[in-house]
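The residues making up each chain are set out below.
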Amino acid sequence: MRIEAENYFLEVKWEETQPKKAKPISEIMEAFVKKLEKDAKQKVPIHGKRSTRVFEHEALVLSLKSVTEERIYFWHCEDSLRIIILRFVFKLMDTTSQTIIRQVLDSFKCHGEEMSVWTPPESTFKVPPSFQLTDRKMLIGRTYLLLIEHKLAPFAERRREILFEYNSMANIRFEDEYKDLSKWMEKRYLKDLKKRYRGIKFQSSVEEKIDGHLAVVKKGAGRSGLTTRRSSLYANTTWYCEDLNRIYTVTTSEHIARPWPLRRRIDERAFEDFSKDFISTIRCH
Ligand SMILES: [Zn+2]
Ligand SMILES: [Zn+2]
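A brief structural summary. Just so it is clear, the model here is predicted, and its values are computed rather than measured.

### Some words on the environment of Leu 86
Phase 1: In this fold, Leu 86 is placed in strand β6 (residues 82-90).
Phase 2: The exposure class assigned to Leu 86 is buried, which follows from the 24 C-beta atoms found within 10 Å.
Phase 3: Between the C-alpha atoms of Leu 86 and Lys 13, which are 73 residues apart in sequence, the distance is 6.4 Å.
Phase 4: Among residues more than four places away in sequence, those in contact with Leu 86 are Val 12 and Tyr 73.

Encoded structure:
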């Protein structure tokens, strides 16, 4: 679960535990730091560690300071049998930030009724029911969803995918690129996209309006595989939402695989309509 605004975001994670078998929170905290260091490939700048209380539990709080400032709370809720990690990331730790932390901590209830935290309206979109949510990740500052639709035909497999992704605190994390989306794509995203879609190449680029923002729309294609040749079409739409300070990037694709040397073709018009229809359902703020 995640809450975001222009200059901060907050993330709540939990893990279920067995009665009397929960690891000490200090161990959970260490594992968390190790994971951060592994992801960042460098030492995490720890600014402080101390114990505190959240709701009715003993908790540990970790302070990190780099380009952003973080407070991360760890505790074990014996009542709901969960380890809870509550993470605040701010541009600056000022009095407003401290007030937000206070308010969230004071209203946080990890057991009793349902876990409840205030959430603002998130971005929405609509997909045809034939699509299934296949993968979903919430990383630091980055969230993505992958939806896939499979269709089988004799000697062919057709697949459509929607990769919906956003990056928060864009004006801080991508200070030099957030205003130039092609540059952002080139420097910050294309490598990741190529890991998922090998052989992807974009050929053309146009500008369009998405939910009031100017977006860059790129079209491309790809081909891979030796015995089972695969043809793919791609459309990527990337925009900056000032309202939530996020960079959204959405890639729709269609893939067809057939044993070589059968001819393989994707109906380009149908793919284009599908991509456009999907993009038109997005509300980003
Ligand atoms: Zn609790
Ligand atoms: Zn927006």
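Further notes follow.
### Describing unusual backbone geometry
Phase 1: Residues other than glycine seldom take positive phi values, yet Lys 20 does so here, at roughly 60°.
Phase 2: Mapped onto the fold, Lys 20 is located in the loop between β2 (8-16) and α1 (25-40).
Phase 3: The class of Lys 20 is exposed, set by 7 C-beta atoms lying within 10 Å.
Phase 4: Positive phi is not limited to glycine here, since Asp 211 has a value of about 45°.
Phase 5: In this fold, Asp 211 is placed in the loop between β10 (201-210) and β11 (213-224).
Phase 6: Overall, the presence of 16 C-beta atoms within 10 Å leaves Asp 211 in the partly exposed class.

Reading the values: rules and limits
- Residues numbered from 1 in each chain as written.
- Chains lettered and ligands numbered in written order.
- Predicted model: local features only at pLDDT ≥ 70, side-chain atom pairs only at ≥ 80, totals over all residues.
- Helix = DSSP H or I, 4+ residues; strand = E, 2+ residues; numbered from the N terminus.
- Buried ≥ 20, exposed ≤ 12 C-beta atoms within 10 Å, placed from the backbone.
- Contact = placed C-beta atoms within 7 Å.

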